[in-house]
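Structural overview
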Amino acid sequence: MPLTPLDTPRVSPLAGEDYLWTLNFGPQHPATHTTLRIVIKLDGERVVDAQPDIGYLHSGFEKIGEHLDYNQYVTVTDRMNYVSPIANNVAWHQAVETLLGIELTPRCRYIRVIVAELARISDHLLSVGAMGLDVGAFTFFLYAFYQRERIYDIFEALCGARFTNSYTRVGGLMHDMTPLVVEKIRAFVREFPATLHDMERLLNRNRIFVDRTRGVGVLTREDAIHRSVSGPVARASGVPRDLRKDEPYLAYADFDFQVCCAAAGDCFARYYVRMAEMRESLRIVAQAVEHLPAGPINVGPEERAALPGKSAVYQTIEGTITHFELVMANRGFVVPCEEAYAAVEAPNGELGFYLVGDGSNVAYRARCRPPSFLHFALFPHLIRGHTLSDVVAVLGSLNIIAAELDR
Amino acid sequence: MQAGSAMNEGSDILLRQLGAQFPRLSTSAFRGQTRIVVPRDELLELLRPLKERFGFDMLVDLTCVDYLHHRDATDRFGLVYLLVQTESGRRLTVRVYVNEPDLSVPSVVSLWEGANWLEREVWDMFGIRFPGHPDLRRILLPEQFTAHPLRKDYPLQGRGERHNFPVLTRSQA
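Nothing here was measured: the structure is a model prediction, and the numbers come from that model. (Residues numbered from 1 in each chain as written. Chains lettered and ligands numbered in written order. Predicted model: local features only at pLDDT ≥ 70, side-chain atom pairs only at ≥ 80, totals over all residues.)

This part is about the packing of helix 11 (residues 267-290) of chain A against helix 16 (residues 390-398) of chain A. All names here are of chain A. Two elements in contact, helix 11 and helix 16, have axes whose closest approach is 9 Å; the angle formed by their N-to-C orientations is 30 degrees. Judged on the interaxial angle alone, helix 16 and helix 11 are roughly parallel. Considering the relative orientation of helix 11 and helix 16, their crossing is left-handed. Note on element contacts: helix 16 touches helix 11 through Ala393, Val394 and Ser397, opposite Cys267, Arg270 and Tyr271. (Axes fitted to C-alpha atoms, helices over the stretch in contact; angles between N-to-C directions. Helix = DSSP H or I, 4+ residues; strand = E, 2+ residues; numbered from the N terminus. Parallel < 35°, antiparallel > 145°, perpendicular 65-115°, else oblique. Left-handed = near helix turned anticlockwise from the far one by under 90°. Contact = placed C-beta atoms within 7 Å.)

Below, the structure written as C-alpha cells:
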C-alpha cells in the first residue's frame with residue numbers, strides 16, 4: 001500500500017509574512033503535561049496561528065482492541081485517560097454490555113456510579129489544579145493533589161490498585177465494596193467540601209487568576225456544537241448537554257443533581273464549571289453510598305457473562321455450566337454479529353465506544369471516541385489572537401490528556 | 001419507558017419522512033439505536049437536511065470499519081457517522097459503504113467543523129479519502145508512514161514499524 005501524494009500541496013495562508021516568528025512548543029514541555037507538540041506562529045507576543053502536531057503517544061489501542069477479549073481490554077482502557085482510569089473502565093464495559101444486551105444488577109450500577117463520580121472528582125481536581133499551576137497558583141495545585149491522594153486511597157481499598165484500576169468486568173465488577181471502603185468514602189464526603197471551599201476562595205476572586213483566564217480562549221455555543229465539543233468544555237459554553245441527564249445510564253436517574261453550565265465559554269468558565277461539577281459529583285456519591293442496594297454485584301448464571309462464585313460453581317449445576325462455558329477456549333460470551341455505540345459522561349466529555357461484534361470473544365472493531373481528540377482540535381481556533389502566555393491557560397482549561405488523544 | 005416509546009415514535013416519523021425523500025435508504029435498529037444506510041452519492045444530500053431541518057446539529061463521531069474478514073459482509077469498508085440532536089439528545093447512526101478501488105467519500109467538514117480531525121484519522125488509519133477536506137494529512141502516524149494500520153490486512157505486529165525509517169549508525173549520528 002504505497003502512500004500516494006496528496007491532491008493539493010498545502011499552502012499556508014501566511015506564506016510570505018516573513019516577520020512572523022515560529023515557535024515550537026513541545027513535545028517535551030512542562031506545561032503540556034504530556035507529550036504533544038504545537039507549532040506556533042507569533043507576531044511579537046501575539047499568536048497568529050497554531051498548528052497542533054499529535055501522535056507522539058500513539059500506541060494502537062484500537063488495533064489491540066481487535067485482539068484482546070472483552071475482559072482483557074479493560075486494562076488498556078486504563079491507559080487512555082490515565083487521570084481517571086476507572087471512568088474509562090465503566091465506559092468500556094458499558095459499551096460491551098450494550099452490545100451483549102446485559103442488564104446489570106442494582107448494586108453493580110450503584111457502585112459503578114460511585115467510582116465514576118469519584119473518578120470525575122479526581123480528574124477535575126487534576127485539571128483545575130494543573131491549570132492553576134500553569135498560570136502561577138502553586139498552592140492551589142497542592143490542595144488539589146492532596147485530595148486526589150485520598151481518592152487513590154479509596155480505590156486502593158476498593159480494588160488493590162491505586163492508578164490503573166481495571167475494576168469492571170463484563171456483567172459486573174472485580175470485587176464488592178467492603179465496609180472499609182464505605183467508611184473511607186463517607187469520610188471523604190464529609191471532609192472534601194472544606195478543601196473545595198478553600199480552593200474556591202483561593203482562585204475564584206483571585207485578581208491574577210481571573211485576569212489571566214477571563215475572556216481568554218472564548219468558545220461560543222454555536223462553535224461548541226459545530227465542533228463536536230462535549231463535557232465541561234461544552235457546558236462552559238452554554239450547551240446544557242450531560243449524558244447523565246440526557247440518557248440516564250447506570251443508576252443516574254435515581255439521584256438528585258444539577259447540570260452545571262456557564263455562558264461565557266472562556267477559560268474561567270471552564271474552570272468554574274469543573275469546580276461546580278465536583279460539588280454535584282460529591283452529592284451523587286453521598287446519595288449513592290447511603291442508598292447502596294444489597295444483593296449480588298455480578299449478573300446471574302443465566303446471562304453467561306460473569307464468572308460465578310466458587311460456591312455456586314461447586315454446588316449448583318447452573319454455576320458449573322456457566323463456569324465452563326466462560327473459561328473454555330472455544331466457548332465464551334454470547335456476542336451478536338452486530339454493531340452498537342454506547343457512551344458515558346466521562347470527566348472530560350462524552351467517552352464512547354463503537355463496537356462491532358462478530359460472534360467471537362474479541363471485538364471485531366473497538367472504536368474509542370476520545371473527548372480530548374475533539375477538544376484539542378479546537379486549540380488553534382481558541383488561541384488565535386491571544387498572547388503566548390495564554391497558550392498554557394487554554395491548554396490547561398481544555399484538559400488535554402495525550403494518552404487519550406493519541407490512543 | 002414513556003420517554004423511550006416517545007423517542008421510537010419520533011424516529012418512526014423521521015424515518016418515514018426520510019424514506020419518502022430518499023427511496024434508496026435502508027434502515028435498521030439494534031438495542032434501540034436507529035441506523036440508516038445510505039448510498040455514497042446521496043450522503044451529503046441526506047446529512048444536510050438532517051442537520052438543518054431535523055436538528056441533528058452535532059456530529060458525535062465519525063469512524064470506519066474494515067469488513068474484510070467479517071462474517072456475511074458484502075462491502076469492504078463502512079463509514080459510521082454518529083449524529084445527535086443537542087436539544088433532545090436523540091441519536092442517529094448513518095452508515096455508508098465503500099469498496100475498492102474508489103475509496104473516497106465526500107467530506108462533511110463543510111457541515112461540521114468537528115469532522116476535520118475525525119476524517120484525517122480515518123484517512124490515516126484506513127486510507128479513505130475525503131474530497132473537499134481542507135487539509136487531509138495523516139494525524140497520528142508520521143507523514144512517511146506507507147500503510148493504513150487499522151485495515152484488517154495489516155498485521156498486529158511486524159510490519160511497517162521500522163523499515164520505513166532510515167537506519168542511522170552511530171558514526172552517522
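Time to look at the interface of chain A and chain B. Contact residues are listed per partner, giving 40 residues for chain A and 35 residues for chain B. Among the elements of the structure, helix 1 (61-64), helix 8 (221-226), strand 6 (339-346), strand 7 (349-356), strand 8 (365-369) and helix 14 (371-376) of chain A are those that each provide at least two residues to the side of chain A that touches chain B. Considering each element in turn, the side of chain A that touches chain B owes the most residues, four residues, to strand 7 of chain A. Here the residues of the side of chain A that touches chain B sort into 16 nonpolar, ten polar and 14 charged. (Nonpolar A, V, L, I, M, F, W, Y, C, P; charged D, E, K, R; others polar.)

Turning our eyes to something else, we now look at the pairing of strand 6 of chain A. Residue and element names in this part refer to chain A. Burial within strand 6 is extensive, with eight of its eight residues counted as buried. Taking every second residue as pointing to the same face, both faces of strand 6 are buried, with Glu339, Tyr341, Ala343 and Glu345 on one and Ala340, Ala342, Val344 and Ala346 on the other. As paired strands, strand 6 and strand 7 are joined by eight bridges and run antiparallel to one another. From the neighbouring strand, Tyr341 faces strand 7, where its bridge partner is Tyr354. In this structure, the hairpin formed by strand 6 and strand 7 is closed by a connection of two residues. (Buried ≥ 20, exposed ≤ 12 C-beta atoms within 10 Å, placed from the backbone. Pairing = 2+ DSSP bridges.)

Here we come to the sheet that holds strand 1 (residues 21-25) of chain A. Residues and elements named next belong to chain A. Taken together, the three strands give an open sheet; going across it, the order is 1-2-3, and neighbouring strands pair in antiparallel fashion. This sheet does not close on itself; its edge strands, each paired only once, are strand 1 and strand 3 (46-53). Mean inter-strand twist for the sheet, computed between neighbouring axes without regard to direction, equals 20 degrees. Looking at chain direction, strand 2 (residues 37-43) and strand 3 are connected through seven bridges and run antiparallel. What sits directly across from Asp43, in strand 3, is Arg46.

Next up on the list: helix 3 (residues 115-126) of chain B. All names here are of chain B. With twelve residues, helix 3 ought to run about 16 Å at 1.5 Å a step, and its terminal C-alpha atoms sit 16 Å apart, in line with that. Counting buried positions over the twelve residues of helix 3 gives twelve, a clear majority of the element. Regarding helix 3, the residues found buried are Ala115, Asn116, Trp117, Leu118, Glu119, Arg120, Glu121, Val122, Trp123, Asp124, Met125 and Phe126. In the segment just after helix 3, Gly127 is the residue with positive phi, at about 75 degrees. (Expected span 1.5 Å × (residues − 1).)

A:Ile114, A:Leu355, A:Val394 and B:Leu83 are the most contacted members of the largest nonpolar core, which has 165 residues in total. Ranked by residue count, the leading element in this core is helix 4 (residues 106-134) of chain A, at 16 residues. Beyond its immediate chain neighbours, meaning those up to four positions away, A:Val394 contacts A:Val216, A:Gly217, A:Cys267, A:Phe379, A:Leu382 and A:Ile383. (Core = buried A, V, L, I, M, F, W, Y, C linked by C-beta atoms within 7 Å.)

To continue, consider the sheet that holds strand 6 of chain A. Residues and elements named next belong to chain A. One open sheet holds the three strands; their spatial order is 6-7-8, and the pairing between them is antiparallel. Two strands bound the open sheet, and with one partner strand each, they are strand 6 and strand 8. This sheet shows a mean twist of 15 degrees between the axes of neighbouring strands, independent of strand direction.

So, about the environment of A:Ser281. Residue and element names in this part refer to chain A. Examined against the element boundaries, Ser281 turns out to sit in helix 11. Along the chain, Ser281 and Gln258 lie 23 residues apart, while their C-alpha atoms are 9.3 Å from each other. Aside from chain neighbours lying at most four places away, what touches Ser281 is Glu117, Arg120 and Ile121.

This part covers unusual backbone geometry. A cis amide bond, omega 10 degrees, links B:Glu100 with the succeeding residue B:Pro101. Inspection of the secondary structure puts B:Pro101 in the loop between strand 5 (91-98) and helix 3. In the Ramachandran plot, A:Ser166 falls in the positive-phi region, its phi being about 45 degrees despite a non-glycine side chain. Looking at where A:Ser166 falls in the secondary structure, it is placed in the loop between helix 5 (138-159) and strand 4 (168-169).

Here we come to the packing of helix 3 (residues 85-100) of chain A against helix 4 of chain A. All names here are of chain A. Running from N to C, helix 3 and helix 4 point in directions that differ by 140 degrees, and their axes come no closer than 7 Å. Overall, the two elements helix 3 and helix 4 adopt an arrangement that is oblique. As for how helix 3 packs across helix 4, the hand of that crossing is left-handed. Between helix 3 and helix 4, the contacting residues are Ile86, Ala87 and Val90 on the first element and Arg112, Val115, Ala116, Ala119 and Arg120 on the second. Of the residues in the contact of helix 3 with helix 4, the class split is six nonpolar, no polar and two charged.

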